[in-house]
Amino acid sequence: MATDADTDGRFVRVTDLATLESQGQQVVSEDGQAIALFHHDGRVFAVDNRCPHMGFPLTRGSVEDGILTCHWHHARFELEEGDTFDIWADDVQTFPVEVRDGAVFLDPNPDPDVPPEVHWRNRLADGLQENLSLVMAKAIIGLDEGGEGFHTPIETAVNFGTKYRDMGWGRGLTTLGCMANLHGEVGGRDKRRAMFLGVREVADECAGEPPRFQQYAFDNREVPKERLKSWFRDNCEVRDGDGAERVLLTAIANLPREDVAELLFAAATDHRYMSAGHTLDFINTAFETLDQLGWEEHADNVLASTVNQITDAARSEERSSWRTPVDIAGLCADANDLLPDLVAAGAGEEWERPEGFVETLLGEDPEASIDALTDAIREGATTTQLADAVARAATRRVMYFATNNEFSDWDTVHHTFTYANAVHRATRRTDATELYRACFDGAMSVYLDRFLNAPRAPMPDPGESDRDPTAIREDLLACFDEQGQVNRAASLVSEHFDAGGDPADLKRTLGRGLLREDAGFHTLQNVTAGFQRFDAVSDGGPDEGFERRVALMAPTRYMAAHFPTRREAEGTFSIATRLHQGERLHEVE
């Protein structure tokens, strides 16, 4: 029977029916693609000869009862329409076929059922739902090829992660946010690696978890900010997640975003250094992710998913290390009580960080640290200025970390560092007075980490280097291939500055080293925070050169301590890339 394709001249003759009947199957080539023909149940079928899973020739498979089975990984396809029985394999492309006067004709370029970007978005959703790394990698590459490689993966993964994990925002979505922040810092294919890593971590954290059922806002939309803030904090205080979420959703519907930020960060600092800093850090990353996605469409589900990070958080004032031998939780509480008077005294004043201020925070006297901070507020220091100073001290704790400590103590200095960085980032979102409390908490965590810098790891002295920065970066990557190169890696970063290398190139190299590894959550956070600190201290101040070096040497040392890894994810990403390029993985190289 004639079709529209006949008049368009789209069908081409590919073989004789008698030949195909006798052989049962054939491979023909049209427009550079191999197409498999099958004669089954008295009919002719045509499909892409490359199995959509890993490219194995489907003519080396078998057909039975209308099912085409690939013999490499046993993916199965409904022969007529190409639909797969196995979600991990994807559907196989089919081609319209006609038999005319004993010859087989087919359309080698049929119109797609859906646009490519829709197909890959749907496949990304499949990969997230089933936690299939190869499917997610293929989808990320396909979306990027179509110009949808940034926003679509983030939006799809955020929608999934905030819906299918009862505990809400956690490690997976925070990793996704970190990868979104790194996306602009890394080059070429590493952008795809970053998105693949982010969505993969969301899928992994949600796997096997019950879904989250979101609450809803109050009907009363006239509640003033201060009352909503009080209600939210009261509900968080008694760990009532449902009540807190309803208040938060009402605030999102009523208030400007800076007021919503104030409400959340106030509750996140009502107790000391909650969940080892993760609470405030995760909330800050949620806000940063919203910057990428858009407030109007996503604020409800993103921010509501963070409530459990406050209501279920561990409170450091309940830990012995914050109570004995020095009651540093009490020192923070006393400083918090002074805040109204301190802020009032500093109104209209302009503070400049005095020389030695950061070293005071690195000292062994917690009262001296608190006094330095309170004096600064009294003299007009803003939350941003004070948080920056604490973050500089926390960065040095990582830089100076002594490798004679237990390996797990890397995470101790790491938590202080990422917390302090998050506080600094949060101060740019809201001028809430409560963020001064976070500065006190961060400074006390810096104090608790003091013995992890005993003795301090050597800091390379700035000098001159006539080496090619490219060669230095190559040596740096090689450092990550061998364990125990912590100080060597930091020295190479310093030398790159000495040689006049472009920091953007150095960041891309560090990104390359990070994204090829099976990097743990903390390593991913650490590098992201290091890059953010680099940008924060690039202000032309008198110590800018030193601080810029420290900002990149600190995460470099952390990376070198944790690398190399098995690089399993890189293997999966490599397979997806090679398949996308049309390579034949089943053939001997």
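Quick note: structure is the one above.
Not measured: the values here are computed from a predicted model.

**Student:** Lay out unusual backbone geometry with the relevant residues and their values.
**Tutor:** In this chain, Thr324 is followed by Pro325 through a cis amide linkage whose omega measures 0°. By the secondary structure assignment, Pro325 is in the loop between helix H13 (307–311) and helix H14 (328–346). Residue Pro455 is reached from Ala454 by a cis peptide bond, and omega for that bond is -5°. Looking at where Pro455 falls in the secondary structure, it is placed in the loop between helix H19 (435–448) and helix H20 (469–479). In this structure, Asp31 takes a positive phi of about 55° despite not being glycine.

**Student:** An account of helix H16 (residues 366–378) is requested, with residue identities and associated values reported.
**Tutor:** An α-helix turns once every 3.6 residues. As a result, residues three or four positions apart point the same way. Between its first and last C-alpha atoms H16 spans 18 Å; for 13 residues at 1.5 Å apiece the expected length is 18 Å, and the two agree. Among all positions in H16, only Pro366, Ser369, Ile370, Ala372, Leu373, Thr374, Ala376 and Ile377 are buried. Of the surrounding secondary structure, the elements contacted by the buried residues of H16 are H14, helix H15 (357–361), helix H17 (383–399) and H19. Of the residues that open H16, the one with a side-chain oxygen 3.0 Å from the backbone nitrogen of Glu367 is Asp365. Two residues or fewer past H16, Gly380 is found with a positive phi of approximately 105°.

**Student:** So, helix H7 (residues 189–206): which residues are in play, and what are the values?
**Tutor:** Between the first and last C-alpha of H7 there are 26 Å, a value that for 18 residues agrees with the 26 Å anticipated at 1.5 Å per step. Burial analysis of H7 places 15 of its 18 residues in the buried class, the great majority of the element. Gly208 sits one or two residues past H7 and shows a positive phi near 80°.

**Student:** So what's going on with a negative patch on the surface? Residues and values would help.
**Tutor:** A contiguous patch of negative charge, built from Glu81, Asp83, Asp91 and Asp113, is present on the exposed surface. With respect to the helices and strands, the residue Glu81 is situated in the loop between strand E7 (76–78) and strand E8 (97–100). Residue class for Glu81 comes out partly exposed when judged on its relative accessible area of 49%.

**Student:** Provide a residue-level description of the sheet that holds E7, including the pertinent values.
**Tutor:** Strand order in the open sheet formed by three strands is E5-E6-E7, and the pairing between neighbours is antiparallel. Taken across any chain shown, the strands that pair with only one partner, and hence form the sheet edges, are strand E5 (62–64) and E7. The sheet shows a mean angle of 25° between the axes of neighbouring strands, direction not considered. The pairing of E5 with strand E6 (residues 67–69) spans three bridges and is antiparallel. Residue Glu64 lies in a different strand from E6, and its bridge partner there is Ile67.

**Student:** Can you explain the packing of helix H5 (residues 151–163) against helix H11 (residues 278–293)? Please cite residues and give values.
**Tutor:** Packing of H5 against H11 brings their axes to within 10 Å, and their N-to-C directions diverge by 130°. The orientation of H5 relative to H11 falls into the category oblique. Handedness of the H5/H11 crossing: left-handed. Of H11, the residues touching H5 (which contributes His151, Ile154, Glu155 and Val158) are Thr289, Gln292 and Leu293.

Conventions used here
- Residues numbered from 1 in each chain as written.
- Predicted model: local features only at pLDDT ≥ 70, side-chain atom pairs only at ≥ 80, totals over all residues.
- Heavy atoms only, no water.
- Helix = DSSP H or I, 4+ residues; strand = E, 2+ residues; numbered from the N terminus.
- Expected span 1.5 Å × (residues − 1).
- Buried < 20%, exposed > 50% of the residue type's maximum accessible area, 1.4 Å probe, protein only.
- Contact = heavy atoms within 4.5 Å.
- Polar contact = N/O pair within 3.5 Å; in protein donor to acceptor, adjacent residues only side chain to side chain.
- Patch = residues over 30% accessible without salt bridge, like charges linked within 9 Å, V, L, I, M, F, W, Y side chains within 5 Å.
- Areas by Shrake-Rupley, 256 points an atom, 1.4 Å probe, with all protein chains shown as cover.
- Salt bridge = Lys/Arg side-chain N within 4 Å of Asp/Glu carboxyl O.
- Lys, Arg positive; Asp, Glu negative; His and termini not counted.
- Charge placed at Lys NZ, Arg CZ, Asp CG, Glu CD.
- Pairing = 2+ DSSP bridges.
- Axes fitted to C-alpha atoms, helices over the stretch in contact; angles between N-to-C directions.
- Parallel < 35°, antiparallel > 145°, perpendicular 65-115°, else oblique.
- Left-handed = near helix turned anticlockwise from the far one by under 90°.

Shape is all these values report; function is a separate question.
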